Amino acid sequence: MERKFIIKIYKDYDWEVKLKTLSDYALYPEMNLDIFAIERQTTEHEIVYLFDTDIENSTIEVAKHDPRFKEICKFEYIYNDGIEDKESKHFKSTFVEALAHIQKEFI
């Protein structure tokens, strides 16, 4: 079964990717990648939460070589332009593709 995530981008401020059913990311262990400000996973090494204030090409390159980022999931994408949330979009992709989408929108 495909896992479902919410991508939330606040224009020029920060972004997050979180498992739709996630209540508290602090309950999950660190991923120990040190490429995002916050990065959490399950004990089975599945991503549950990513957060940062920027996204660089080098970050996406590291993710491309990590099997955790190759999982195909359903994403709901919500963009806040600084005034309000825009209509959400839905797509299916890997985390690597989702990060590339975030990078394009975040700038």
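Everything below is about the structure shown above.
Now for a look at the structure at hand. (Residues numbered from 1 in each chain as written. Predicted model: local features only at pLDDT ≥ 70, side-chain atom pairs only at ≥ 80, totals over all residues. Heavy atoms only, no water.)

For soluble globular proteins, nonpolar side chains are generally found buried alongside one another. Counting 30 residues, the largest nonpolar core has Trp15, Val17, Leu50, Phe69 and Leu99 as the members making the most contacts within it. Elements with a minimum of two residues in this core: strand S1 (4-10), strand S2 (14-19), strand S4 (47-52), helix H1 (57-64), strand S5 (72-80) and helix H2 (95-106). Among the elements that make up this core, the one with the highest residue count is H2 (6 residues). Filtering out sequence-adjacent residues up to four positions away, leucine 50 remains in contact with Trp15, Glu16, Val17, Met31, Phe36, Ile38, Glu39, Phe69 and Leu99. (Core = buried A, V, L, I, M, F, W, Y, C linked by side-chain atoms within 4.5 Å. Buried < 20%, exposed > 50% of the residue type's maximum accessible area, 1.4 Å probe, protein only. Helix = DSSP H or I, 4+ residues; strand = E, 2+ residues; numbered from the N terminus. Contact = heavy atoms within 4.5 Å.)

You can see arginine 68 is positioned in the loop between H1 and S5. Using a relative accessible area of 17% as the deciding quantity, one classes arginine 68 as buried. Engagement of the side chain of arginine 68 in a polar contact is seen with the side chain of aspartate 66, the distance being 2.7 Å. With sequence-adjacent residues up to four places away left out, arginine 68 is seen in contact with Met31, Leu33, Gln41, His45, Ile47 and Phe95. (Polar contact = N/O pair within 3.5 Å; in protein donor to acceptor, adjacent residues only side chain to side chain.)

What follows deals with the pairing of S2. Of all the 6 residues making up S2, 5 are buried; the element is thus mostly covered by neighbouring parts of the structure. Hairpin connection, S1 to S2: the antiparallel pair is bridged by 3 residues, and aspartate 12 has positive phi, about 60 degrees. In this structure, S2 lies alongside S4, joined through 4 bridges in antiparallel fashion. Pairing of lysine 18 across the sheet is with tyrosine 49, part of S4. (Pairing = 2+ DSSP bridges.)

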